[in-house]
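An overview of the molecular structure
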Amino acid sequence: RLATTDIVFFTDDDCLLQPRAVEAAVALFAKYPEVGLVFGAVRAEPSVTPEGFIPTYEPPRRQILRGRLGKLRDAGIGACLVVRRQTALEIGGFDVRLGGGTPLTTCQDGEFAYRVLKAGYAVAHEPAAWVVHEGLKPWSEGAQYAYGTYRGVGAAYALHLRRLDPVALFLLGQQFWLAIAEIGRNLLRGRRKHLGLRRLAGLVAGVRVGLMMHGSLAVRSSRTSRY
């Protein structure tokens, strides 16, 4: 709401914006007028020590996602997120019940991207728009991080399921399948101490919270896109 530019670039306080990243995102918006949001790459320095992990996201190539089911192919994160200001305002901005500073600490970016698609806009992935993430987390926090992350994911999509959005069921089904597949892989590899159960538990807890949340995000207007 406070921005004065047509394009707004979001990153985190532990990220370093890389040369030409802004230009790459702006060029993509210019080329594809239907795009309302661009996710860039979030990379870690190759020299990171094995003392912990850094959340990253690497889009394999430039791609344009359209329609609600496009969210099944999107895993972008808010550490490198670029929006058309008017699109963001039109769909009501971020849901303030999600993300940092709330009990549901994650997925405000994923939920926002889903509403961009629902409104008829496209979501793009652009590897040339990128940041370096310096947010090293110790391995001892891995289970807690997984639980919190996927609790937010479960709640975010359960909010749409509560509004009888059938695609939200596909999104949740995908997340549960990925969590169960991870547990299966870890069992086959003999990693019984690190199965990935916290991810699955977080999803279950998040769905429960999301289905019980009252009210909804105030969307200023709905849009049927010509694209």
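Refer to the structure above for everything that follows.
Here's what I pulled together on the structure shown here. Just so we're clear, the structure is a prediction, and the values are computed from it rather than from any experiment.

Reading guide: rules and limits
- Residues numbered from 1 in each chain as written.
- Predicted model: local features only at pLDDT ≥ 70, side-chain atom pairs only at ≥ 80, totals over all residues.
- Heavy atoms only, no water.
- Helix = DSSP H or I, 4+ residues; strand = E, 2+ residues; numbered from the N terminus.
- Buried < 20%, exposed > 50% of the residue type's maximum accessible area, 1.4 Å probe, protein only.
- Contact = heavy atoms within 4.5 Å.
- Areas by Shrake-Rupley, 256 points an atom, 1.4 Å probe, with all protein chains shown as cover.
- Patch = residues over 30% accessible without salt bridge, like charges linked within 9 Å, V, L, I, M, F, W, Y side chains within 5 Å.
- Salt bridge = Lys/Arg side-chain N within 4 Å of Asp/Glu carboxyl O.
- Phe/Tyr/Trp six-rings, centres within 6.5 Å; stacked < 30°, edge-to-face > 60°.
- Lys NZ or Arg CZ within 6 Å of the ring centre and 35° of its normal.
- Core = buried A, V, L, I, M, F, W, Y, C linked by side-chain atoms within 4.5 Å.
- Expected span 1.5 Å × (residues − 1).

Turning our eyes to something else, we now look at the overall build of the protein chain. The helix and strand inventory of the protein chain stands at six helices and eight strands. Of the regular secondary structure in the protein chain, the N- to C-terminal order runs β-β-α-β-β-β-β-α-α-β-β-α-α-α. Projected onto its principal axes, the C-alpha coordinates of the protein chain cover approximately 50 × 45 × 30 Å. Counting the 227 residues in the protein chain, one finds 47% classified as buried. Long-range pairs, those at least 24 residues apart, make up 79% of the contacts in the protein chain with a sequence separation of at least 6. Carbon and sulfur atoms form 58% of the exposed surface of the protein chain, whose accessible area is close to 12100 Å².

Taken together, the side chains of Leu 17, Val 22 and Val 26 define a hydrophobic patch exposed on the protein surface, amounting to about 220 Å² of accessible area. Residue placement: Val 22 occurs in helix α1 (residues 21–31).

Our focus in this paragraph is the environment of Gln 108. Mapped onto the elements, Gln 108 comes out in helix α3 (residues 108–118). Residues Gln 108 and Val 96, spaced 12 residues apart in sequence, show a C-alpha to C-alpha distance of 7.8 Å. Gln 108 has contacts with Phe 94, Leu 98, Gly 99 and Gly 100, leaving out every residue within four places of it along the chain.

This part takes up the packing of aromatic side chains. With the rule as written, the count across this model stands at four aromatic pairs. With centroids separated by 5.4 Å and ring planes inclined at 85 degrees, the aromatic side chains of Phe 10 and Phe 94 adopt a geometry described as edge-to-face. On the criterion of sequence distance, the pair formed by Phe 10 in strand β1 (residues 7–11) and Phe 94 in the loop between α2 (85–90) and α3 is long-range, its members being 84 residues apart. Note on Phe 10: relative accessible area 31%, which makes it partly exposed. Three or more aromatic residues link up through ring pairs in this structure, and these residues are Phe 10, Phe 94 and Phe 112. Sitting above the plane of the Trp 130 ring, Arg 43 keeps its charged end 4.6 Å from the centroid.

Counting residues in each nonpolar core, the largest one holds 18 residues, and the members touching the most others are Leu 98, Leu 104, Cys 107, Val 153, Tyr 157, Leu 171 and Leu 203. If you list the elements that add at least two residues to this core, you get α4 (142–162), α5 (166–188) and α6 (197–212). Examining the composition of this core, we find that seven residues originate from one element, α4, more than from any other. Ignoring anything within four residues of it in the chain, the contact list for Leu 203 reads Tyr 150, Arg 151, Val 153, Gly 154, Gln 175, Phe 176 and Ala 179. The next biggest cluster of nonpolar side chains, apart from the first, holds 14 residues, and it includes Phe 39, Leu 81, Ala 113 and Leu 117.

Quick look at the pattern of salt bridges now. Applying the stated criterion across every chain yields a total of 10 salt bridges. With its nearest N and O atoms 2.7 Å apart, the salt bridge here joins Glu 58 to Arg 43. Taken together, the residues span a long stretch of sequence, with Glu 58 in the loop between β4 (52–53) and β5 (63–65) and Arg 43 in strand β3 (residues 35–43) at a distance of 15 residues. A relative accessible area of 42% places Glu 58 in the partly exposed class. Judged by relative accessible area, Arg 43 falls into the partly exposed class, the value being 22%. What you see here is one network of salt bridges that share partners, running through Arg 68, Lys 118 and Asp 165.

The end-to-end C-alpha distance of α6 is 23 Å, a good match for the 22 Å that 16 residues give at a rise of 1.5 Å each. Among all positions of α6, only Arg 199, Gly 202, Leu 203, Ala 205, Gly 206, Val 207 and Gly 210 are buried. Buried residues in α6 make contact with α4 and α5.

These values are about where atoms sit, not about what they do.
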